[in-house]
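If you want the building blocks of each chain, they are given just below.
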Amino acid sequence: MSILQKIKNTVRSRSIHVAYVDVGSCNGCDIEVLACLAPRYDIEQYGIYVHNNPREADVLLVIGSVTPQWVDKLREIWDKIPDPKVAVAIGNCPISGCVYARRGTLTSPPAEKYIPIAAQVPGCPPRPTEILNAILSVAPLIFKDYEEKQP
Amino acid sequence: MRSIIYYLREFLRPEWIRKFFFAKTAPLETPSYFKGYPTLTGNECTACLSCMMICPAPKAIAVLRTRDGWEPEIYPGHCIRCGLCVEACPEGVLSSGRILDVTRRDGTAFWSWYHLQVDDNLCMRCGNCCVSCPVNREIDPQLAGSGTSSSDEVIMRVEGGRVRILHEEKCTGCKTCETQCPNRAIRVARMVEGVQIGEAEV
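Treat the numbers as computed from the prediction; the structure is a model and nothing was measured. (Residues numbered from 1 in each chain as written. Chains lettered and ligands numbered in written order. Predicted model: local features only at pLDDT ≥ 70, side-chain atom pairs only at ≥ 80, totals over all residues. Heavy atoms only, no water.)

**What to know about the overall build of chain B**
- When its secondary structure is counted, chain B shows 10 helices and eight strands.
- Among the 202 residues that make up chain B, the fraction classed as buried is 30%.
- Partitioning the intrachain contacts of chain B with sequence separation of at least 6 by distance along the chain shows that 58% fall at a separation of at least 24.
- Total accessible area on chain B stands at roughly 13200 Å², and carbon and sulfur atoms take up 53% of it. (Helix = DSSP H or I, 4+ residues; strand = E, 2+ residues; numbered from the N terminus. Buried < 20%, exposed > 50% of the residue type's maximum accessible area, 1.4 Å probe, protein only. Contact = heavy atoms within 4.5 Å. Areas by Shrake-Rupley, 256 points an atom, 1.4 Å probe, with all protein chains shown as cover.)

This is how it looks when you write it as structure tokens:
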């Protein structure tokens, strides 16, 4: 491995850009993501930065059970993220639909049906520590030696 | 050129390097007393299914048959960590954080009973429910043999051309009557109420 690649790996592991998309949640998980940004958990000290622009992002946090309005838009947002990219499902809703996975509801979970999900953080809502751990554990795997992995 | 020097100077500052490569605090661990997913305590499960019945999230908990007995299994993708199953379990099979400590301190409990309801429009008065009910058969063996009963101690019996519920409180919630009814006229509902321990004994 070249030195340049090593430097790239190190810098990338300290500079993870996160975008989050709420595809119809109850706001519980949104608040936990917000708590990650707050001084108590302070996600930025680990080199994770939150944007709302998918074109700047490496990691997409998917929140909420997928409502019909989001079915095509979720895919569009995913396509706008440049490679390397990874999606993390936050909370029970994108994993299973949780309490919305009942007959008669309009939601159509899981989010895996629409975009590839690399990690799932179960919980209703998950704790900020759990979200943080998931991002920190999944991001280096995706970004490490990205150039060498290319064909 | 000047901008390159500016960037190099900025990124070679020790403070910047320290801030970039080292976190201020170690990643926070979740405290043990927080409400987490219910875990097994090792107590024996009696398969009363109280946990499944009180669970508000669909498919979050299932009591499964294992080699040595029964065992509740939690599915984290569905569980909302409300802790109701931990509170409802009479045997203390599940535990999660401080839920049970709080329940003990406050003296709260779940009080549950079964409510039987017969829809007279659907009921065709065949009496299958009264005959098949295992509690009925135990109270009045004559009922199991002849299909008729004059005892007032049974849970329900056909009287005056319609099913009458006499002792709802004796129902154990097995739902045999519900499965035996050809018209789905009888319904067994489990009612749950949160109470203070003092009230529950009254």
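From this point on, the discussion continues.
**Regarding the environment of S132 of chain B**
Residues and elements named next belong to chain B.
- Topologically, S132 is positioned in helix α6 (residues 128–132).
- When near neighbours in sequence (up to four residues on either side) are disregarded, S132 contacts R137, T176, C177 and Q180.
- At a separation of 3.3 Å, a polar atom in the side chain of S132 contacts the main-chain carbonyl oxygen of C129. (Polar contact = N/O pair within 3.5 Å; in protein donor to acceptor, adjacent residues only side chain to side chain.)

**Description of the confidence of the model for chain B**
- Confidence in the prediction of chain B, expressed as mean pLDDT, is 85, and 96% of residues score 70 or more.
- On the interface metric, ipTM, the complex scores 0.78, and its pTM is 0.76. (pLDDT = per-residue confidence, 0-100.)

**Focus on the interface of chain A and chain B**
- Counting residues at the interface gives 25 residues for chain A and 24 residues for chain B.
- Around 1900 Å² of area is buried between chain A and chain B when both sides are counted, 52% of it from carbon and sulfur atoms.
- Considering only the side of chain A, the residues that lose the most area to chain B are R14, Q45 and R127 of chain A, jointly responsible for 30% of the buried surface there.
- In this structure, the connection of chain A to chain B is made through one salt bridge.
- With its nearest N and O atoms 3.2 Å apart, the salt bridge here joins E130 of chain A to R81 of chain B.
- For the side of chain A that touches chain B, the secondary-structure elements that each account for two or more residues are α1 (3–13), α4 (92–96) and α5 (128–143) of chain A.
- Its residues assigned to classes, the side of chain A that touches chain B comprises 11 nonpolar, eight polar and six charged. (Buried area = accessible area lost by both parts, 1.4 Å probe. Salt bridge = Lys/Arg side-chain N within 4 Å of Asp/Glu carboxyl O. Nonpolar A, V, L, I, M, F, W, Y, C, P; charged D, E, K, R; others polar.)

**Concerning the packing of aromatic side chains**
Residue and element names in this part refer to chain B.
- Inspection of every chain in the model, using the stated rule, returns five aromatic pairs over all chains.
- Their ring planes at 55° and their centres at 4.7 Å tell us that F11 and W16 sit as a pair that is tilted.
- By relative accessible area, W16 is classed as partly exposed at 26%.
- Judged by centre distance (5.5 Å) and plane angle (65°), the ring pair of Y33 and F34 falls under edge-to-face.
- Ring-pair connections join several aromatic residues into one group, and the members of that group are Y6, Y7, F11 and W16.
- Of note, R81 hangs over the ring of Y37, and the distance from its end group to the ring centre comes to 4.9 Å.
- Directly above the ring of Y33 sits R98, whose terminal nitrogen or CZ lies 4.4 Å from the centroid. (Phe/Tyr/Trp six-rings, centres within 6.5 Å; stacked < 30°, edge-to-face > 60°. Lys NZ or Arg CZ within 6 Å of the ring centre and 35° of its normal.)

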